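# Breakdown of the fold
Each chain, written out:
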Amino acid sequence: MPKIYAFIPARSGSERVKNKNIKLLNGKPLIEYTIDQAKSSQLITKTFISTDYKNLNSKIDINEDIKVINRPKNISKNTSLDIDWILHLLKKIKDDKPDLIVLLRPTSPFRSSKFIDISIKKLLTKNDYDSARAVRIVKEHPDKMWLKDGEKIIPLGGFNKKGEDFHSMQYKSLRKVYVQTSSLEILRTKSLIKNGTLSGKKVLPLFSDYLNSFSIDYEEDFETAKKILK
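First, a word on what this report is: a plain description of the structure on this page. A quick note: this is a predicted structure, and the numbers were derived from the prediction, not measured.

Quick notes on the rules
- In every chain, residue numbers begin from 1 and rise along the written sequence.
- Local features are withheld for residues below a pLDDT of 70 in this predicted model, meaning they are given only at 70 or higher, and side-chain atom pairs are given and counted only at 80 or more; totals for whole chains, interfaces and linings count all residues.
- The side-chain values count all of the structure's non-hydrogen atoms but skip hydrogen atoms and water molecules.
- In this description a helix means any DSSP run of H or I spanning at least four residues, a strand means any run of E spanning at least two, and both kinds are numbered starting from the N terminus.
- For every residue, the accessible area obtained with a 1.4 Å probe (protein chains only) is divided by the maximum for its type, and the residue is called buried under 20%, exposed over 50%, and partly exposed between those limits.
- Here a polar contact is recorded for every N or O atom pair within 3.5 Å, except that within protein the pair must consist of a potential hydrogen donor and a potential acceptor, and residues adjacent in sequence are included only if both atoms are side-chain atoms.
- Should any heavy atoms of two residues lie within 4.5 Å, those residues are considered in contact.
- Any two strands between which DSSP finds at least two bridges are classified as paired.
- Simply put, an axis is a line fit to the C-alpha atoms, just over the touching stretch for a helix, and the angle between two N-to-C directions goes from 0 to 180 degrees.
- What the arc describes is the spread of directions from the helix axis to the C-beta atoms.
- By definition here, a helix of n residues has an expected span of 1.5 Å times n minus one.
- Residues form patches when they are more than 30% accessible in relative terms and have no salt bridge. Like charges link within 9 Å. Nonpolar side chains (Val, Leu, Ile, Met, Phe, Trp, Tyr) link within 5 Å.
- All accessibility values rest on the Shrake-Rupley procedure with a 1.4 Å probe; residue burial counts only the protein chains present in the view.
- In the sections that follow, a salt bridge refers to a side-chain nitrogen of Lys or Arg positioned within 4 Å of a carboxyl oxygen of Asp or Glu.

### What to know about the side chain of Thr181
- Of note, Thr181 is situated in strand E10 (residues 178-188).
- Residue classification places Thr181 among the buried residues on the basis of a relative accessible area of 7%.
- Within the structure, the side chain of Thr181 is placed 2.9 Å from the side chain of Ser183, a separation counted as a polar contact.
- Apart from the residues lying within four places of it in its own chain, the contact partners of Thr181 are Arg133, Ala134, Val135, Arg136, Ser208 and Ser213.

### Some details on the environment of Leu104
- Structurally, Leu104 is set in the loop between strand E6 (100-103) and helix H4 (113-124).
- For the pair Leu104 and Ile35, spaced 69 residues apart in sequence, the C-alpha to C-alpha distance is 8.7 Å.
- Setting aside anything within four residues of it in sequence, one finds Leu104 in contact with Ala6, Phe7, Ile8, Pro9, Thr34, Ala38, Ile44, Arg111, Ile116, Ser183 and Leu184.

### A short note on the pairing of strand E8 (residues 146-149)
- Bridge analysis of E8 against strand E9 (residues 152-155) gives 4 bridges, and the strand direction is antiparallel. Among the inter-strand pairings, Asp149 is bridged to a residue of E9, identified as Lys152.

### Here we look at the sheet that holds strand E11 (residues 203-207)
- In space, the 7 strands of this open sheet follow the order E5-E4-E1-E6-E10-E7-E11, with mixed pairing throughout. Edge positions in the sheet fall to strand E5 (66-70) and E11, since each has one partner strand and no second. Shown here is a sheet whose adjacent strand axes are inclined to one another by a mean of 30°, direction ignored.
- In this sheet, E10 lies alongside strand E7 (residues 131-137) in antiparallel orientation, the contact comprising 6 bridges. Bridge pairing in E10 links Ala132 to Ile186.
- Against the sheet, helix H1 (residues 30-40) makes contact with strand E1 (4-10), strand E4 (46-51) and E5, and its axis sits at roughly 180° relative to E1, the strand it touches most.

### What about helix H7 (residues 219-229)?
- All of the buried residues in H7 are Asp221, Phe222 and Ala225. One side of H7 holds all its buried residues, which, seen down the axis, span an arc of 105°. Residues Glu220 and Lys227 are exposed on H7 and point more than 90 degrees away from its buried face.
- If you follow the buried residues of H7, they end up packed against strand E2 (24-25) and H1.

### Describing the side chain of Thr51
- Checked against the element boundaries, Thr51 lands in strand E4.
- A relative accessible area of 1% means that Thr51 is categorised as buried.
- A distance of 2.9 Å separates the side chain of Thr51 from the backbone nitrogen of Tyr53, its partner in a polar contact.
- With near-sequence residues (within four places) excluded, Thr51 lies in contact with Ala10, Leu56, Val68, Ile69, Asn70 and Arg71.

### Observations regarding helix H3 (residues 82-93)
- Here H3 is 12 residues long and its end C-alpha atoms lie 17 Å apart, about the 16 Å a rise of 1.5 Å per residue gives.
- Burial in H3 covers these residues: Ile83, Trp85, Ile86, His88, Leu89, Leu90 and Ile93.
- Looking at the packing, one finds that the buried side of H3 touches E1, E4, E5, E6, E10 and helix H5 (189-195).
- The positive-phi residue at the C-terminal boundary of H3 is Lys94, with phi of around 50°.

### So, a nonpolar patch on the surface
- Together, Ile137, Tyr171, Tyr178 and Phe207 line one region of the surface with nonpolar side chains, adding up to about 400 Å² of accessible area.
- Topologically, Tyr171 is positioned in the loop between E9 and E10.

### Comments concerning the environment of Leu204
- Within the fold, Leu204 resides in strand E11.
- Taking the C-alpha atoms as reference points, Leu204 and Ile86, separated by 118 residues in sequence, lie 20 Å from one another.
- Beyond its immediate sequence surroundings of up to four residues, Leu204 is in contact with Lys122, Leu123, Lys126, Tyr129, Ser131, Ala132 and Arg133.

Here you go:
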C-alpha cells in the first residue's frame, strides 16, 4: 500500500483576508474544515501542517495525530513558492517520505473527502502521470479577452485555423478551457524531487464541481460560504 500523506499549508501573513486560515466560519476556524476532510479520507494515512503561526495548537483544535511543522520565516513570505515549504517539510520527516502528497489548502471548506479519495485512486491507476490537479471549466473565456496595445486593444485569443476571430464566435464554438482551482493537488514525491516542480511534466486533470472547487480568497467569499452552510 503506498504511503499517502496530506500536507496542509497555513501561512499567517494573508494580505487579502487577515488571519484567513484561523478566521471563524460558522464558529469554526477555516483550517479545521480541511483537517476534518483529511481525517475523513479513507486513503490518507498521515496529515502534516506547515505553518509559521506561533502556537497554532492553541488557536485551533488539533488532534495528536496531526503533526505540526514550524516553517521558517524566509519561506513564509507572500512571494514564497509552494515547493519551498513542501521540500522543507519533506526534509523534516526525513526517512518517512510519502509516495503521494495530497496538497490541501485551508481555503476550500466544502471539498469532500470522497472527492479527495476518488482523485487519489485516479492518479494511482496512472503510473505515467507526475501529478493531478483540480480544474473547472472557465466562466470568462480567454478568447473573449483583450490586451491593451498602445492606444488600441487586440484580442488575446487570436484566430482559428480558418482565420476566424475567436472573440466573435459563440461560446459553444470556442475551445474548451479549464482553470486550475486551489482545492486539490496530488503530487508524486519522486517526481517532485526529480523535476524540482510540483506538477512535473504530465498532469492528470481532476474535474471538480462548484463546491469542490469553491475557494475563500476574499472577505466576500466568507459571506458566500456562510450562505452555502445555511
